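Close look at the chain arrangement
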Amino acid sequence: MRPTERSMHLNLRSMLSTDELRRRPSRRPDHAAENQALIALAQALATSPEDIVQKLADTALILCRAHSAGLSLLEDDDHKSNFHWRAIAGQWSPHLDGGTPRNFGPCGTVLDQNVAMVCSHPELDFPYWASIKPVLEEGLLIPFYIKGEAVGTIWVVAHDTSRRFDAEDLRVMTSLATFAAAAYQSWLSVNATQRIVAIVESSDDAIISKDLNGTIATWNSGAERIFGYVAEEVIGKPITILIPPERHQEETEIIGHIRRGERIEHFETVRVCKDGSRTDISLTVSPVRNSAGKIIGASKIARDITERKRSEKQITSLAREAEHRAKNMLATVQATVRLTEADTPKELKRAIEGRIQALANVHELFVQSRWAGAELHNLVTQELSPYCRDGETRARIEGPNLLLAPNTAQTMAVALHELATNAAKYGALSGPNGKIQVEWSRAADGRITLRWIETDGPAVKPPTRKGFGTRVIESMIQQDKGDFRLDWRAEGLVCEIAMPA
């Protein structure tokens, strides 16, 4: 940061504390609209993460009745030296993919101060803002983080004095910032996938030219890599040294197409390498003309597809498995969102986040096992770890090593999450002395039986009605053809789950 910039950050006229919002009359919360928006965001995050950032900007615009809304994001491509506007809704939409410097602007000030702030007429402190139209009469900016690292801000803007933000807008935007972090992480994942595809598509190919007699004229390093010959060994020799004897007719046909000025696209065939091995290639051949337009030879681009051919069946199998697992995951997320109820948006958000996080955690275990499933011991340990930070004294875990199939593991992960959440709120983990014992075994019929036992917690009274968490567990276990039983003993809850492995 330049000295002049540093001094401006210490005494900015355009940046205000959000205490100003709390002094204003505040509109009443619209919990119904907010609940609906949060559910829509959760569903969008599960089904179309590539669109979630823009969906979040649209949601902020509507819930806060703003004139413009968007996200300012720090990115690795420029070493996080600028904020990039990757999603904008409202009147500022023409500024999509614009941005501001990290260390000289309102968003940077918000991250430096690590608080939500109100901004009014930023051109007073940051001259480059004068060219951004319509003017920013008032803005509300909220920071958000991924794994403790500041990565951006979510903001809403009013362009004239007809709209002023209040404490309710601050509450709504603070809630949306949590989703902003998840949305940005999903957006990064989509971009990373696109980059990988681009890298694969730009891999080195063999580029060879020959005359109309089939004599090799040029030979690049890609050809050397694929076929094993260096240029000096092949230039001036017939292209047929690369063609198996039984395929020599292909060269006659290729030369015929070239003489007629025809291009050959993606012709899959087999060629011979220097060591005598054969390799599958995809061949593209184009006529080469001289300055007078006369065809004098051909240019060949050969892509080695040996590995593709060898692994085609495996790739197809993995793709089908990944598609099945992705659809199953999305269906489970959507069912979880549909089943989730809460009295307030904050409780709804916490419930949705907890259940989706439980599913995300089990999918990390799937990746480690290459989609074979998840170890039950890891599932139990993973779910109880947040409640047992003082060591092993509060949780006792016993059972053989059992690998659960993905569907069973997902259901078990959600069930354990609901049991742990209930224990933390009302059961053994809600007091300092409570303990949890989780044990499991495999029955003679191959089914897995798990017992959750709570002791030394508050006195237990059987509930008068079936709780929502119980309905979630029961619904998912029955769907997977399992059994579920609760025993509300005075000394603590005992839960027994039996499921196919």
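The sections below set out a description of the structure shown in this document. (Residues numbered from 1 in each chain as written. Predicted model: local features only at pLDDT ≥ 70, side-chain atom pairs only at ≥ 80, totals over all residues. Heavy atoms only, no water.)

As a further point, take the overall build of the protein chain. When you go through the protein chain residue by residue, the secondary structure sums to 14 helices and 19 strands. Looking at the protein chain as a whole, 45% of its 501 residues qualify as buried. The long-range share in the protein chain, meaning contacts at least 24 apart out of those at least 6 apart in sequence, stands at 60%. (Helix = DSSP H or I, 4+ residues; strand = E, 2+ residues; numbered from the N terminus. Buried < 20%, exposed > 50% of the residue type's maximum accessible area, 1.4 Å probe, protein only. Contact = heavy atoms within 4.5 Å.)

As a further point, take the side chain of Ser-209. Examined against the element boundaries, Ser-209 turns out to sit in strand S8 (residues 206-211). Side-chain polar atoms of Ser-209 contact the side chain of Thr-218, separated by 2.4 Å. (Polar contact = N/O pair within 3.5 Å; in protein donor to acceptor, adjacent residues only side chain to side chain.)

Per the counting criterion, the structure on display carries 0 disulfides. Unpaired in terms of disulfides, Cys-119 finds its nearest cysteine sulfur in Cys-107, a separation of 8.5 Å. (Disulfide = S-S within 2.5 Å.)

Ordered by their spatial adjacency, 5 strands build an open sheet running S14-S16-S17-S19-S18, and the pairing between neighbours is mixed. Strands at the two margins of the open sheet, each flanked by one partner only, are strand S14 (395-398) and strand S18 (483-489). Direction aside, neighbouring strands of the sheet carry axes that sit 10° apart on average. Sitting on the sheet, helix H12 (residues 376-384) is in contact with S14, strand S16 (435-442) and strand S17 (448-455), with an inclination near 165° to S16. (Pairing = 2+ DSSP bridges. Axes fitted to C-alpha atoms, helices over the stretch in contact; angles between N-to-C directions.)

Space left empty within the atom packing is revealed by a probe, the size of a water molecule, rolled over the atoms. Using the criterion set out here, one finds 3 cavities of 30 Å³ or more in the structure. Computed from the structure, the largest cavity encloses a volume of approximately 100 Å³. If you go around the largest cavity, the residues you meet are Ser-72, Trp-85, Trp-92, Thr-100, Pro-106, Cys-107, Cys-119, Trp-129, Leu-136, Leu-141, Trp-155 and Val-157. Within the residue set of the lining of the largest cavity, elements represented by two or more residues are helix H5 (106-113) and strand S7 (149-158). Each residue belonging to the lining of the largest cavity can be placed in one class, and the counts come to 10 nonpolar, 2 polar and no charged. The volume enclosed by the second largest cavity comes to roughly 70 Å³. (1 Å grid on protein atoms, 1.4 Å probe; cavity = no way out; pocket = protein on both sides within 12 Å on 5 of 7 lines; lining within 4 Å. Points joined across faces, edges and corners; volume = space filled by probe spheres on them. Nonpolar A, V, L, I, M, F, W, Y, C, P; charged D, E, K, R; others polar.)

Here the focus is the sheet that holds S8. Ordered in space as S9-S8-S12-S11-S10, the 5 strands form an open sheet in which the pairing is antiparallel. Whereas interior strands pair on both sides, the edge strands pair on one side only; in this sheet they are strand S9 (216-219) and strand S10 (264-272). Looking at each pair of strands side by side, their axes are set apart by 30° on average, direction ignored.

So, on to the packing of helix H3 (residues 31-47) against helix H4 (residues 52-63). The axes of two packed helices give the description: the angle between them and the distance between them. It is the contact of H3 with H4, at a shortest axis distance of 10 Å, that shows an interaxial angle of 175°. If you check the angle between H3 and H4, you find them roughly antiparallel. Facing Ala-33, Glu-34, Ala-37, Ala-40, Leu-41, Ala-44 and Leu-45 of H3, the residues of H4 in contact are Ile-52, Lys-55, Leu-56, Thr-59 and Leu-63. Broken down by class, the residue content of the contact of H3 with H4 amounts to 9 nonpolar, 1 polar and 2 charged. (Parallel < 35°, antiparallel > 145°, perpendicular 65-115°, else oblique.)

Bridge count between S8 and strand S12 (residues 295-304): 6 bridges; the pairing is antiparallel. Paired with Ile-207 across the two strands is Ile-301, which belongs to S12. Relative to S9, S8 is paired through 3 bridges, and the arrangement is antiparallel. Within S9, the position partnered with Ile-208 by the bridge is Trp-219. Taken together, S8 and the strand that follows it, S9, pair antiparallel across an intervening segment of 4 residues, in which Gly-214 is found at a positive phi of about 85°.

Here we take up H3. With 17 residues, H3 ought to run about 24 Å at 1.5 Å a step, and its terminal C-alpha atoms sit 24 Å apart, in line with that. Buried residues of H3: Glu-34, Asn-35, Ala-37, Leu-38, Leu-41, Ala-42, Ala-44 and Ala-46, and no others. (Expected span 1.5 Å × (residues − 1).)

Okay, the packing of H12 against helix H13 (residues 406-425) next. Axis separation between H12 and H13 bottoms out at 10 Å; the angle between their running directions is 30°. Taken together, the axes of H12 and H13 lie roughly parallel to each other. At the point where H12 passes H13, the crossing takes the right-handed sense. Here Leu-376, Leu-379, Val-380 and Glu-383 of H12 come into contact with H13, specifically with Ala-409, Met-412, Ala-413, Leu-416, His-417 and Ala-420. In terms of residue class, the contact of H12 with H13 is built from 8 nonpolar, 1 polar and 1 charged. (Left-handed = near helix turned anticlockwise from the far one by under 90°.)

Below, the discussion takes up the pattern of salt bridges. Within the structure shown, the criterion is met by 32 salt bridges. Here Glu-20 makes a salt bridge to Arg-24, at a shortest N to O gap of 3.4 Å. Residue class for Glu-20 comes out partly exposed when judged on its relative accessible area of 23%. The salt bridge partner of Arg-396 is Glu-398, with a shortest N-O separation of 2.5 Å. By relative accessible area, Glu-398 is classed as partly exposed at 31%. One network of salt bridges, in which partners are shared, links Glu-20, Arg-23, Arg-24, Glu-138 and Arg-164. (Salt bridge = Lys/Arg side-chain N within 4 Å of Asp/Glu carboxyl O.)

A separate point is the environment of Arg-27. Within the secondary structure, Arg-27 sits in the loop between helix H2 (19-22) and H3. Here the alpha-carbon distance between Arg-27 and Ala-167, two residues 140 residues apart in the chain, equals 8.2 Å. For Arg-27, the contacting residues outside a window of four places in its chain are Leu-63, Cys-64, Arg-65, Arg-163, Asp-166, Glu-168 and Asp-169. A polar contact of 2.6 Å, which involves the side chain of Arg-27, links it to the side chain of Asp-169.

Bringing the packing of aromatic side chains into the picture now. Summed over the entire model, instances satisfying the criterion amount to 11 aromatic pairs. Plain terms: the ring middles of Trp-85 and Trp-129 are 6.0 Å apart, the flat faces sit at 45° to each other, and that makes the pair tilted. Within this pair, whereas Trp-85 is found in strand S3 (residues 82-90), its partner Trp-129 is found in the loop between strand S5 (117-119) and strand S6 (138-146), the two being separated by 44 residues in sequence. Classification of Trp-85 by relative accessible area gives buried; the value is 4%. Owing to a relative accessible area of 7%, Trp-129 belongs among the buried residues under this scheme. Ring pairs connect the aromatic residues Trp-85, Trp-92, Phe-104, Phe-126, Tyr-128, Trp-129 and Trp-155, which therefore count as one cluster. (Phe/Tyr/Trp six-rings, centres within 6.5 Å; stacked < 30°, edge-to-face > 60°.)

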